Amino acid sequence: MTPSIPDMRVVRLVERHRFDLVQQNIEEPGPGEVLARVHSVGVCGSDLHNFSEGSVGDAVSVFPMVLGHEPAGTVIKTGPGVTGWAPGDKALLEPAIYCYHCSFCRAGRHNVCDNLRFLSQPEDPGFLRDYVRLPAVNLLPMPAGMSFPVATLFEPLAIILHSMKFVALQTGENAAVFGAGPIGLLTVAVLKLSGASRVFAVDPVPHRLELARLVGADVIIDPRETDPSQAILAETSGRGVDAAVDCATRNGSMDHCFRAARKAGRVVITGIPSEPRVTLDFHELRRKEIALYNVRRSNHESETALELMRDKPGLFAPLVTHELPLEKTQAGFEMLEGYRDGVGKLVISLD
């Protein structure tokens, strides 16, 4: 006899800066679906946008909403027609649900699917809840020996691997990363693994700069102490970097990327600006004929991210600096908002 599953806890963002904790019913898995127990959820910068600003760029938050889209968990039940998964299997849980039949999906551009559903949007609850019902195709097997908190890095790392298609780094080229939050730190690490000769990391938070050095940054720059683009130009004999990646998108960082990039270089925007409309120094971009790219989540990179995490566990695990229980989600977000306690990557534990 299958034991009954209790009602689940759900953390909801009910207004800016305020979560509540409620009980909700658990839905049984349908055909082709699994019911998974969520163990760990990494907190993303877009989660913090919703919490702090009540929007993500021009997308206004609709309260109440359930955040969290960097999850790892365990299979509890499988629905009709599901093969290859059994109760007890540990899994990484992909948050994006695609239609697989629109022209973009058929062309392999699933990240811009016409009918994309992304769990943690207002109409599709995220993973800050005990249980989630997902299509079986959204599960990836979790490597033996990997912890649930570290496993949550697969989703942001996949985004970074996607961004590298636009960075298009050649061995020996140099790069600058603006913003040393988790996305920026992962970007620094992957740039070094990709053969970058020098990586510059720019951030105003001292402990984040130290984390950037830990994952491979060759030069760290505090923009409170010096103009970062001028410092990078000075360090490159006035030429600039081959690629500049903006993971901050605040305090003029995009324009600094344009100034720091060499002529005919590349600028990649991975972060999400807070403003609904963004003003750019277009003529700096134009004069240098810089290629400008933006990143829309990931696209078929999760498996590669998982392999990289398995092969380089000591590189990525130190990024997870804090783990808090579900009941302390509010305190965790407040800590992130204030850059307190040396926080790098915060993971919410539901165990």
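Residues numbered from 1 in each chain as written. Predicted model: local features only at pLDDT ≥ 70, side-chain atom pairs only at ≥ 80, totals over all residues. Heavy atoms only, no water.

### Examining the sheet that holds strand β15 (residues 241-246)
Reading across from one edge, β14-β13-β12-β15-β16-β17 is the order of the six strands in this open sheet, with parallel pairing throughout. Strands at the two margins of the open sheet, each flanked by one partner only, are β14 (219-221) and β17 (291-294). For this sheet the average axis-to-axis angle between neighbouring strands, irrespective of direction, equals 15 degrees. Looking at chain direction, strand β12 (residues 175-178) and strand β13 (residues 199-202) are connected through four bridges and run parallel. Bridge pairing in β13 links Ala176 to Phe200. Packing against the sheet, helix α5 (residues 182-193) makes contact with β12, β13 and β15, and its axis sits at approximately 170 degrees to β12. Against the sheet, helix α7 (residues 228-235) makes contact with β12, β13, β14 and β15, and its axis sits at roughly 160 degrees relative to β13, the strand it touches most. (Pairing = 2+ DSSP bridges. Helix = DSSP H or I, 4+ residues; strand = E, 2+ residues; numbered from the N terminus. Axes fitted to C-alpha atoms, helices over the stretch in contact; angles between N-to-C directions. Contact = heavy atoms within 4.5 Å.)

### A few points about the pattern of salt bridges
Taken as a whole and assessed by the stated rule, the structure comprises 22 salt bridges. Across the pair Glu70 and Lys345 runs a salt bridge whose closest N-O atoms are separated by 2.7 Å. On the criterion of sequence distance, the pair formed by Glu70 in strand β6 (residues 70-78) and Lys345 in strand β19 (residues 345-349) is long-range, its members being 275 residues apart. The exposure class of Glu70 is buried, given its relative accessible area of 1%. Lys345 gets classed as buried once you look at its relative accessible area, which sits at 3%. Across the pair Lys165 and Glu301 runs a salt bridge whose closest N-O atoms are separated by 2.8 Å. You can see Lys165 sitting in helix α4 (residues 154-167) and its partner Glu301 sitting in the loop between β17 and α10 (302-311), a full 136 residues away along the chain. A relative accessible area of 52% places Lys165 in the exposed class. The network of salt bridges with shared partners includes Glu173, Arg239, Asp242, Arg262 and Arg266. (Salt bridge = Lys/Arg side-chain N within 4 Å of Asp/Glu carboxyl O. Buried < 20%, exposed > 50% of the residue type's maximum accessible area, 1.4 Å probe, protein only.)

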